[in-house]
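# Structural characterization, general
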Amino acid sequence: MRSSCVVLTALVALAAYYTYTPLPSTVSDPWKLMLLDAVFRGAQQASNLMHYLGLSHNLLALNFIIISFGKKSARSSGQVKVTDTDFDGVEVRVFEGPPKPEEPLKRSVVYIHGGGWALGSASMSSSPSGCTQYYDELCTAMAEELNAVIVSIEYRLVPKVRFPEPLHDVVRATKYFLQPDVLQKYAVDPGRVCVSGDSAGGNMAAALSQQFNQDANLKNKLKAQALIYPVLQALDFNTPSYQQNENAPILTRYVMVKYWVEYFEGNYDFIQEMVVNNHTSLDVKEFAALRARLNWTSLLPASVTKNYKPVVQTTGNARIVQELPQLLDARASPLIADQEVLQDLPKTYILTCEHDVLRDDGFMYAKRLESAGVEVTLDHFEDGFHGCMIFNRWPTNFSVGIRTRNSYIKWLDRNL
């Protein structure tokens, strides 16, 4: 009996040690976030072990674990009609809000889910116990509350495809949807279409907006873009938010750099060098012309820069940019786009979170867009963390998850 108690005590102590992560007191529901982060870290470590043993690519294994929590078939509710179809060969899930006699044409949001270009699904839903809200429920709520048509794109994922294939899927599906006959089929007002996405989905939403803005052959233009904690650049992993939140829950700096390397099918040996900005050192001539577009000392407010210092290496590894020229492609890093490309972009909503390595990507993009004359709403949450908007149901019902979701939908309602 005594030995059993000792073993149990040891196991509890180990679980507490694994779960505990020092968090700022300002983050929403810190103990709940510790538990959520511990579960996610456990899933990552299990997938890494499967990769090491040669059983599966770590991202395929991790996505299998995540999807296992709930992948919902298309099921209409009393208010929202849900159907699975394809737009020009790309799978999509369409959510049609309830019709209103006074509004024969609906507004619409093309939604691109996040997940590091490698994880998640448009059909991700609650687990059987109803514990977690993912994209299916988010899009259903948007369709119902906005009386809108939501198109959620099921783009192909890394590692089965690499950059720019996921973006190509998003562009192809959206172009198909914007055709007059398709908009008419879904009773959508061609002047009230928004593109939106979170994290890596926000990255592709921003790239799509830039591409569509330059496409003279595209008759129906986007009215708005809404970017939720978007990842917008891969050239400086030492912005103040990367330094401040390098080991933050859900998305650490190392994991974000690893997602980039996977997206570009790069060498894992590059990861640690990119973490310290060796890929954009002063001797990397390819980056020289872009440096001013990422100068966070001028793009970020003093309340954000605080006492952080830029990390600019004198000498680094020029081979990284040579082998991964995608790093300098604005389709991958919308933040580095030419000023001419940013002009005349649609009105923009950017949601950022204080406890997120990507916070400054959003802040800098908002500043560059404002300088280009674009109407921008920067919606910052001091207690937010990366991914928080999809966590608003028990037991992962974070206060900030509910508030970010409500603020996002409220902006869409007022501006679309």
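Described in the following lines is the structure provided in the data block. (Residues numbered from 1 in each chain as written. Predicted model: local features only at pLDDT ≥ 70, side-chain atom pairs only at ≥ 80, totals over all residues. Heavy atoms only, no water.)

Once that is clear, we can look at the layout of surface pockets. In this structure, the second largest pocket encloses a volume near 390 Å³. The wall of the second largest pocket is formed by 21 residues, among which N63, Y155, R156, L157 and K160 lie closest to the centre. Of all elements in the fold, only α3 (58-67), β2 (90-96) and α5 (165-177) reach the threshold of two or more residues within the lining of the second largest pocket. Looking at side-chain class alone, the lining of the second largest pocket contains 10 nonpolar, four polar and seven charged residues. (1 Å grid on protein atoms, 1.4 Å probe; cavity = no way out; pocket = protein on both sides within 12 Å on 5 of 7 lines; lining within 4 Å. Points joined across faces, edges and corners; volume = space filled by probe spheres on them. Helix = DSSP H or I, 4+ residues; strand = E, 2+ residues; numbered from the N terminus. Nonpolar A, V, L, I, M, F, W, Y, C, P; charged D, E, K, R; others polar.)

So, on to the side chain of T239. By secondary structure assignment, the location of T239 is in the loop between β6 (224-228) and α8 (240-244). Judged by relative accessible area, T239 falls into the buried class, the value being 1%. The contact partners of T239, leaving out residues within four places of it in the chain, are Q233, W296, V357, D360 and M364. (Buried < 20%, exposed > 50% of the residue type's maximum accessible area, 1.4 Å probe, protein only. Contact = heavy atoms within 4.5 Å.)

Turning next to the nonpolar core. Ranked by internal contacts, the top residues of the largest apolar core, which has 92 residues, are W117, F177, Y259, W260 and Y365. Listed in part, the 39 residues of the second largest apolar core include L33, V82, F391 and W411. (Core = buried A, V, L, I, M, F, W, Y, C linked by side-chain atoms within 4.5 Å.)

The next subject is the packing of aromatic side chains. Scanning all chains against the criterion turns up 17 aromatic pairs. Ring centres of F87 and F177 lie 5.9 Å apart, and the angle between their planes is 10°; this geometry places the pair in the stacked category. Placement of F87 in strand β1 (residues 81-87) and of F177 in helix α5 is noted, with a sequence separation of 90 residues between them. Summarising the aromatic geometry, the rings of F163 and F264 are spaced 5.7 Å apart at their centres and angled 80° between planes, so their arrangement reads as edge-to-face. (Phe/Tyr/Trp six-rings, centres within 6.5 Å; stacked < 30°, edge-to-face > 60°.)

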